[in-house]
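A structural walkthrough
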Amino acid sequence: MIFQNLARNNEIGSSSYLLDTGDCRVVMDAGMHPSAESTEAIPNYQELEKNSVDAIFLTHSHLDHAGTLPVLMRDQPEAPVYMTAATAALTDALLHNSVNVMSSKRLELGITEYPLYGHRELDRLETSWKHLEYKKPLDLTLETSATLHDAGHILGSSGIMIEKNNTRVFYTGDINFEDQTLITGADFPTEDIDALIIETTRGASPRDPAYEREKEEDRLLAAIQATIDRGGAVLIPVFAMGKTQEVLTMLHKFKTSGRLSDKTPVFIGGLSTKMTILFDEFADSTPRKLPGFEIFRDMDVRAGSKKGSRKPIVYQKGAIYALSSGMMTEKTTSNGFAQTFISNPKNGLLFVGYAAPDTPAGKIRAMNRGDIIELNPEMPPVVFDCEMEEFDFSGHSEREALLDYMLKVAPKQIFLVHGDIEASRWFETQLHEKLPDCDVVIPLPKKHYTIPENPA
Ligand SMILES: [Zn+2]
Ligand SMILES: [Zn+2]
């Protein structure tokens, strides 16, 4: 079999991989680079001849895995597209949002290639996506089959097992082995895997060995309570999909256990409302830590900007605002709300996820109180003078858990992907020592790598 990394660089960006089993050419993921623009954000699809792909799979709906699916489908119109039903619903919503983002960038930055696809094209393509369930093998050809396994990363996320005769290749997508507050941890195979293609996101960031998710939840609750006690309000900038629902579930747990007053108003806004509705739709059909729990039915959540209405979110002390975007990007709800919020010393700004250093959230995290920040070039700069705390609720497994999995699987070959080069290098060093017979590869873009097949 031949494996090829279609991403432009060894980094977290436009994830896409080709596996050619000899009788079936499979593309796994079709990402868009989160910070590159225009055609630079698209994987090296020119490596694929038109109509040369037999099947396309998406592991999950994050844009770095799904954002250029319509572009790939245009080149490969005959390839069926497979993903879980939840991934399909979330991807549809996120790609429509992406059309809006690209359209405004076209106007503001003059990027004439944008949008890379349109709403109507998406509506047409979306109807052809085929839904797969976890652990139900699908025959792609007489010799090659594919099976999805729950990756525990976000709703609907999966790893993909490609099996040809008795040779098995497993691509993990993004993984979380640990239970989150709402989403349960990964349920991955460990037996008879010949080659593993695995993410390395957190390879360069060791976690405090004393870390426990429950303790981190307690720390978040304490920060919320302290803010409310001093007469302020709480702002938690969150990604609309995934982190919003995790944070809301934590707040639900705090309230139902009596540790937070159930009168505390909770607001969400921006794209989060739509995403939360989708999470609720899959409450009964996907694995959950709180079976059947539906956020909008079981919690008193106030949606600041409901679909269609653009009503601004009003500040009130004692309230919690979980607003997107997580990186407080310009023109998003969290960015606009922060404009006056972060200058009030009584308020608390709590970060629960990753923020790139060059984004407003990344800049604030590196600041001291009293520093001045321009959150939006169209508004005056503001003084950052509220309490700020950071929490670790990553949707990615810590590096030790990934390494343990690799050692347990002990495949003949490991391809280290989806990580900055230092992150992949950490795994490479560990594996050379702990799995000396394994062929460990950081796959260079465009290069072809052979995966040996077992004798039939
Ligand atoms: Zn992801
Ligand atoms: Zn990713």
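What you see is a predicted model, and the numbers here were worked out from it, not measured in a lab.

Attention shifts here to the sheet that holds strand β13 (residues 266-269). The strand order across the open sheet built from six strands is β14-β13-β15-β12-β16-β19, with neighbouring strands paired in parallel fashion. In this open sheet, the two strands that pair with only one neighbour each are β14 (301-303) and β19 (387-390). Each strand of the sheet is rotated relative to its neighbour by a mean of 20°, with strand direction disregarded. Alignment of strand β12 (residues 234-237) against strand β16 (residues 348-351), held across two bridges, turns out to be parallel. Along β16, the bridge assignment pairs Val 234 with Gly 348.

As far as domains go, the protein holds domain 1 (2-205 + 395-450) and domain 2 (213-390). Once you take the C-alpha centre of each, domain 1 and domain 2 turn out to be 29 Å apart. Taken residue by residue, the interface counts 18 residues in domain 1 and 20 residues in domain 2. Among the elements that line the side of domain 1 that touches domain 2, the one with the most residues is helix α3 (residues 85-109), at six residues.

This next bit is on the environment of Leu 63. Note that Leu 63 resides in helix α1 (residues 63-66). Apart from residues lying up to four places away in sequence, Leu 63 is in contact with Gly 31, Met 32, Pro 34, Leu 94 and Ser 98.

The next point concerns helix α11 (residues 399-409). Turning to α11, its buried residues number three or more, namely Arg 399, Leu 402, Leu 403, Met 406 and Val 409. Down the axis, α11 shows its buried residues gathered within 130° of arc, on one side only. Its buried side turned inward, α11 meets β11 (195-199), β20 (413-417) and α12 (421-434). Just downstream of α11, Ala 410 is the residue with a positive phi angle, here 45°.

Let's shift gears to the sheet that holds strand β8 (residues 144-150). Spatial strand order, β7-β8-β9-β10-β11-β20-β21: seven strands in an open sheet with mixed pairing. Whereas interior strands pair on both sides, the edge strands pair on one side only; in this sheet they are β7 (138-139) and β21 (439-441). Looking at chain direction, strand β10 (residues 167-171) and β11 are connected through three bridges and run parallel. Paired with Val 169 across the strands is Ala 195, a residue of β11. Running over the sheet, α12 touches β20 and β21 and is turned about 160° from β20.

What follows concerns the pairing of strand β1 (residues 2-5). Here β1 pairs with strand β22 (residues 448-450) via three bridges, running antiparallel. Each residue of the ladder has a partner; that of Ile 2, found in β22, is Thr 450. Where β1 meets strand β2 (residues 17-20), four bridges bridge the pair, whose relative direction is antiparallel. Looking at β2, one finds that Asn 5 is bridged to Tyr 17.

Definitions and cut-offs
- Residues numbered from 1 in each chain as written.
- Chains lettered and ligands numbered in written order.
- Predicted model: local features only at pLDDT ≥ 70, side-chain atom pairs only at ≥ 80, totals over all residues.
- Pairing = 2+ DSSP bridges.
- Helix = DSSP H or I, 4+ residues; strand = E, 2+ residues; numbered from the N terminus.
- Axes fitted to C-alpha atoms, helices over the stretch in contact; angles between N-to-C directions.
- Domains from an automatic or database assignment.
- Contact = placed C-beta atoms within 7 Å.
- Buried ≥ 20, exposed ≤ 12 C-beta atoms within 10 Å, placed from the backbone.
- Arc of directions from axis to C-beta.

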